[in-house]
Amino acid sequence: MIKWLLAVTILLLAFGMNAAVLDSQHGWIVLLYGLIAVNVFALALMLIWLAAYFRRFRNRGFGIIGHALVYLAGGTGLAGLGHFGLSNAVCTFPSDAVSG
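What comes next concerns the included structure. (Residues numbered from 1 in each chain as written. Predicted model: local features only at pLDDT ≥ 70, side-chain atom pairs only at ≥ 80, totals over all residues. Heavy atoms only, no water.)

**Describing the overall build of the chain**
At step 1: Helix and strand content of the chain: five helices and zero strands.
At step 2: Counting from the amino terminus, helix and strand elements in the chain follow one another as α-α-α-α-α.
At step 3: Summarising its shape, the C-alpha atoms of the chain cover approximately 50 × 25 × 25 Å along the three principal directions.
At step 4: Across the 100 residues of the chain, 27% fall into the buried class.
At step 5: The long-range share in the chain, meaning contacts at least 24 apart out of those at least 6 apart in sequence, stands at 54%.
At step 6: Carbon and sulfur atoms make up 73% of the accessible area of the chain, which amounts to about 6800 Å² in all. (Helix = DSSP H or I, 4+ residues; strand = E, 2+ residues; numbered from the N terminus. Buried < 20%, exposed > 50% of the residue type's maximum accessible area, 1.4 Å probe, protein only. Contact = heavy atoms within 4.5 Å. Areas by Shrake-Rupley, 256 points an atom, 1.4 Å probe, with all protein chains shown as cover.)

Below you can see the structure in the form of structure tokens.
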């Protein structure tokens with residue numbers, strides 16, 4: 001029972017993250033990188049979930065691929081943050097006050 005509750009939680013998290021990215025007012029760069037990072041992260045969580053609860057998927061290496069995709073999602077998000085900062089000529093990480 002808990003495994004299905006976890007799957008539903010992952011799906012709700014994916015919908016929530018997509019809604020948050022689509023609500024962004026920062027332009028197409030944030031939208032593009034954000035959607036890619038969020039959806040890759042949701043896919044990674046689902047692959048890890050499949051590998052954790054089903055032997056067939058574990059034997060095919062879905063857990064390893066899922067963990068690699070978590071890092072890919074994080075890297076995509078950080079690359080998007082850098083691209084946004086370069087295109088707008090503003091430092092946004094962690095804040096302008098710290099970088100000043």
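Further notes follow.
**So, helix α1 (residues 2-22)**
At step 1: With 21 residues, α1 should cover 30 Å at 1.5 Å per step; its first-to-last C-alpha distance of 30 Å lies within 8% of that length.
At step 2: For α1, every residue scored as buried is listed here: Ala7, Ile10, Ala14, Met17, Asn18 and Val21. One side of α1 holds all its buried residues, which, seen down the axis, span an arc of 100°. Counted as exposed and oriented over 90 degrees from the buried face of α1: Ile2, Leu12, Phe15 and Ala20.
At step 3: On the buried face of α1, the contacting elements are α2 (28-53). (Expected span 1.5 Å × (residues − 1). Arc of directions from axis to C-beta.)

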